[in-house]
Amino acid sequence: MSEAADGEVVINAEGDIVTTRRTVRDLAVAMGFGLTDVTRIVTAASELARNACKYAGGGVMRWRHVEDSGRTGIELQFIDHGPGIADVDLALQEGYSTGRGLGLGLPAARRLMDEMDIQSKAGAGTQITLKKWRPD
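Positions within a chain are numbered from 1, following the residues in the order the chain's sequence is written. Only residues with pLDDT of 70 or above have their local features reported here, since the model is predicted, and side-chain atom pairs are shown and tallied only from 80 upward, although totals for entire chains, interfaces and linings are computed over all residues. Values reported for side chains reflect all heavy atoms of the structure, with hydrogen atoms and water molecules removed beforehand.

Quick look at helix 4 (residues 105–112) now. Relative accessibility decides the category of a residue: with a 1.4 Å probe and only protein chains considered, values under 20% of the type maximum give buried, values over 50% give exposed, and everything between is partly exposed. Only DSSP runs of H or I reaching four residues or more are called helices, and only runs of E reaching two or more are called strands; each is numbered from the N terminus. Regarding helix 4, the residues found buried are Gly105, Leu106, Pro107, Ala108 and Ala109. By definition, residues are in contact when any of their heavy atoms lie within 4.5 Å. The elements touched by buried residues of helix 4 are helix 2 (35–56), helix 3 (88–91), strand 4 (115–121) and strand 5 (125–133).

Between two packed helices, both the angle of their axes relative to each other and the distance between the axes serve to describe the pair. A fitted line through C-alpha atoms serves as each axis, taken over the contacting stretch for helices, and the angle formed by two N-to-C directions is quoted from 0 to 180°. At their nearest, the axes of helix 1 (residues 14–30) and helix 2 sit 9 Å apart, and the two run at 155° to each other. As the angle between them shows, helix 1 and helix 2 are arranged roughly antiparallel. At the point where helix 1 passes helix 2, the crossing takes the right-handed sense. For the pair formed by helix 1 and helix 2, the contact residues are Glu14, Ile17, Thr20, Arg21, Val24, Arg25, Ala28 and Val29 on the first element and Val38, Ile41, Val42, Ala45, Ser46, Ala49, Arg50 and Cys53 on the second. By residue class, the composition of the contact of helix 1 with helix 2 is 10 nonpolar, 2 polar and 4 charged. Oblique is the label for any angle not under 35 degrees, not over 145, and not in the 65 to 115 range, which are roughly parallel, roughly antiparallel and roughly perpendicular in turn. Each crossing is labelled by how the near helix is turned from the far one, with a counterclockwise turn of less than a right angle marking it left-handed and a clockwise turn marking it right-handed. Note that Gly is not counted as nonpolar here; it falls among the polar residues with everything else outside the nonpolar set of Ala, Val, Leu, Ile, Met, Phe, Trp, Tyr, Cys and Pro and the charged set of Asp, Glu, Lys and Arg.

So, on to the nonpolar core. Inside soluble globular proteins, nonpolar side chains tend to come together where they are buried. Only buried Ala, Val, Leu, Ile, Met, Phe, Trp, Tyr and Cys residues count toward a nonpolar core, and they belong to the same one when joined by side-chain atoms within 4.5 Å. Counting residues in hydrophobic clusters, the biggest one holds 30 residues, and the most contacted among them are Ile41, Met61, Leu76, Phe78, Leu106 and Leu130. With 8 residues, helix 2 is the largest single contributor of residues to this core. Those residues within four positions of leucine 106 in sequence are excluded, and the remaining contacts are Leu48, Asn51, Ile85, Ala91, Leu92, Met116, Ile118 and Ile128.

Note that leucine 35 resides in helix 2. Judged by its relative accessible area of 69%, leucine 35 falls in the exposed class. When the C-alpha atoms of leucine 35 and arginine 25 are compared, they prove to be 9.7 Å apart, with 10 residues separating the residues in sequence.

Turning our attention to the pattern of salt bridges. Any Lys or Arg side-chain nitrogen found within 4 Å of a carboxyl oxygen on Asp or Glu counts as a salt bridge. In this structure the tally under the stated criterion is 11 salt bridges. Notably, a salt bridge pairs arginine 62 with glutamate 8, separated by 3.1 Å at the nearest N-O pair. Of the two residues, arginine 62 sits in strand 2 (residues 59–68) while glutamate 8 sits in strand 1 (residues 6–11), which places them 54 residues apart along the sequence. By relative accessible area, arginine 62 is classed as partly exposed at 38%. Between glutamate 75 and lysine 131 there is a salt bridge; the shortest N-O distance is 3.7 Å. Of this pair, glutamate 75 sits in strand 3 (residues 71–80) while lysine 131 sits in strand 5, and the two are 56 residues apart along the sequence. Each of the salt bridges in this network shares a partner with another, and the network as a whole consists of Asp37, Arg40, Asp114 and Lys132.

Bringing the pairing of strand 3 into the picture now. Burial within strand 3 is extensive, with 9 of its 10 residues counted as buried. A strand pair is defined by DSSP finding two or more bridges across the two strands. In this structure, strand 2 lies alongside strand 3, joined through 9 bridges in antiparallel fashion. In the strand pairing of strand 3, glutamate 67 is matched with threonine 72. In this structure, the hairpin formed by strand 2 and strand 3 is closed by a connection of 2 residues, where serine 69 is found at a positive phi of approximately 50°. Where strand 3 meets strand 5, 8 bridges bridge the pair, whose relative direction is antiparallel. Note on strand 5: the bridge partner recorded for glycine 73 is tryptophan 133.

In structure tokens, the structure reads:
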């Protein structure tokens, strides 16, 4: 794989969302994901990068190559120190939004990826971990 096995992108402005999308696309292609999965991974990453920028005032996306029981995949972590998500279950319902959005970002990211874990604490920020496994 020509891309680094792990790294991060700082997300503080709209332009960083574009950088996040490009980075994730390049990583997923280098890891051998097909076009459909690359699109899914990039879309999920874009939604979470936008959320970090819009609702938390910025954050960071970390990526790494993961392996488990013979499977190969990509893990993306979005970490911010914003206000946190008061009710994660409610935030995962389509149509729920604390802002002026459509409330589709978190539910869409969950659908597009194979695994999603959200750790959030009011006033202390949020960490969202996504995984996508490459079909072999």
